Amino acid sequence: MANSALMHTYGRLPIAFAEGKGAWLTDTNGKTYLDALAGIAVCGLGHAHPAVTQAICDQANRLVHTSNLYQIPMQEAAASKLSQLSGMESIFFCNSGAEANEGAIKLARLHGHKKGIDVPHVLVMENAFHGRTLATLTATGNRKVQAGFEPLVSGFVRSTYNDLAAVTNLVERRNDIAAILVEPIQGEGGLTPATDEFMNGLRALCDKHDLLLMLDEVQTGNCRTGYFYAYQRYDWKPDVLTTAKGLGNGFPIGAVMAQGKAANLFQPGNHGSTYGGTPLGCAVVLAVLETLEKEQLAKRAGELGDYLVKRFTKAFEAIQGVKAIRARGLMMGIELDQPCGELVELALHEGLLINVTAGQVVRLLPPLTLTDEEAELLISKLSQLIINWLASRS
């Protein structure tokens, strides 16, 4: 790869995959791997799911793209299904999670200007990750990924995740905040779930001050946490909800969803996307959503996630170097007491695909279709790998 024409934007592992099936990938040398990362929460239905493959083939054989200058019946059908499952009223299809969050930020500014705020600000959190476009990079709470791209975009103010008092203080001291953008679980920030007190408090605070509560569910959406969308564990709705990743099971598509006072903020000419909501993309979305619903994969994710936590907790109960196990459904982080990035390559040698985030958190995002037998294999392989690695470091 030394002479590759690709820009050097990724520190790639020395492996290439040729095919996949379910929770398994096969590399170009014929070795198989249990995929406990699913393309970073993308392939929730696993690899080469027949419903997705069929949808792509059937739609590509009929019509791939026209443009949003015309009505797109498949887009209407996908939006209707997504609205039903998400509880949101209006849907805008885009191409990625970062694009979805850009759309949410635009909605926040529109809302602010409608309230008479000259320079509307969006309140975001430390350790957040919202994307790599200039606006979403600014919203992201990680100086490492921002460095070198200054000047960053104005219009953001930052507070502490899970600290309702700090957020409340900022909102009540300023009169230029139009919205709060938050992840129900910080993925890149170390698999840290928001507390119920924090989330319920944010909803009440936004209601009190007429702010938009905007949830970034790019990673937590589409049944990953045991609910279709993570916010559905509560008895309220956000004003804006963004998602992508598992929405297309590998096909690049995202969505900005809104309800209530945010539902009709966008009017013709306010927002658009050349490839947003093509017939092909929306055929995939419809197939994914129908499969998630039919196979009750939200329920499966919740039950299997609880089981994995129980089994990993038992495996590590006498191990000093394991600090915490955090999970919601099949979104799990095992935090160690030291940086553990080298575990990724060690796991690779053992035929297991994992990831490390925030330096010392082993991140697991397996397919929602993971079988009981595959779950046992994951527990066995990973627990032994972590135990052996910690022992070698002591």
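From a predicted model like this one, the values you see are computed outputs, not experimental measurements.

S.K.: Could you clarify how one ought to interpret empty space enclosed by the protein in this entry?
M.R.: Rolled over the atoms, a probe as big as a water molecule pinpoints where empty space is left. Counted according to the given criterion, the structure contains one cavity of 30 Å³ or more. Its boundaries defined by the atoms lining it, the largest cavity holds a volume of some 60 Å³. Around the largest cavity sit Ala 41, Gly 44, Leu 45, Gly 221, Asn 222, Arg 224, Gly 246, Asn 249, Val 288, Leu 292 and Leu 368, which together line it. When the residues that make up the lining of the largest cavity are grouped by side-chain class, the tally is five nonpolar, five polar and one charged.

S.K.: Would you mind going over helix H3 (residues 73-86) with me for this structure?
M.R.: For an α-helix, the turn length of 3.6 residues means that residues three or four places apart are oriented alike. Between its first and last C-alpha atoms H3 spans 20 Å; for 14 residues at 1.5 Å apiece the expected length is 20 Å, and the two agree. Considered for burial, the residues of H3 that qualify are Ala 78, Ala 79, Lys 81, Leu 82, Leu 85 and Ser 86. For H3, the angular spread of the buried residues around the axis is 165 degrees, confining them to a single face. Exposed residues lying more than 90 degrees from the buried face of H3 are Pro 73, Glu 76 and Gln 84.

S.K.: Can you help me understand the packing of aromatic side chains in this one?
M.R.: On inspection of all chains with the given rule, the structure shows six aromatic pairs. Where Tyr 161 meets Phe 198, the ring centres are 5.7 Å apart and the plane angle is 65 degrees; that geometry is what we call edge-to-face. Here Tyr 161 is found in the loop between strand E6 (156-159) and helix H7 (164-173), whereas its partner Phe 198 is found in helix H8 (residues 196-209), with 37 residues between them in sequence. A single burial state applies to Tyr 161 and to Phe 198, both of which are buried.

S.K.: When you look at the layout of surface pockets in this model, what are you seeing that I'm missing?
M.R.: There is about 740 Å³ of room inside the second largest pocket. Contributing to the lining of the second largest pocket are 27 residues, with Gln 75, Ile 91, Phe 92, Phe 93 and Phe 266 lying nearest its centre. Where the lining of the second largest pocket is concerned, the elements lending two or more residues are H3, strand E4 (90-94) and strand E12 (254-258). In terms of residues, the lining of the second largest pocket owes the most to one element, E4, which gives four residues. Split by residue class, the lining of the second largest pocket holds 14 nonpolar, 12 polar and one charged.

Parameters at a glance
Residues numbered from 1 in each chain as written. Predicted model: local features only at pLDDT ≥ 70, side-chain atom pairs only at ≥ 80, totals over all residues. Heavy atoms only, no water. 1 Å grid on protein atoms, 1.4 Å probe; cavity = no way out; pocket = protein on both sides within 12 Å on 5 of 7 lines; lining within 4 Å. Points joined across faces, edges and corners; volume = space filled by probe spheres on them. Nonpolar A, V, L, I, M, F, W, Y, C, P; charged D, E, K, R; others polar. Helix = DSSP H or I, 4+ residues; strand = E, 2+ residues; numbered from the N terminus. Expected span 1.5 Å × (residues − 1). Buried < 20%, exposed > 50% of the residue type's maximum accessible area, 1.4 Å probe, protein only. Arc of directions from axis to C-beta. Phe/Tyr/Trp six-rings, centres within 6.5 Å; stacked < 30°, edge-to-face > 60°.

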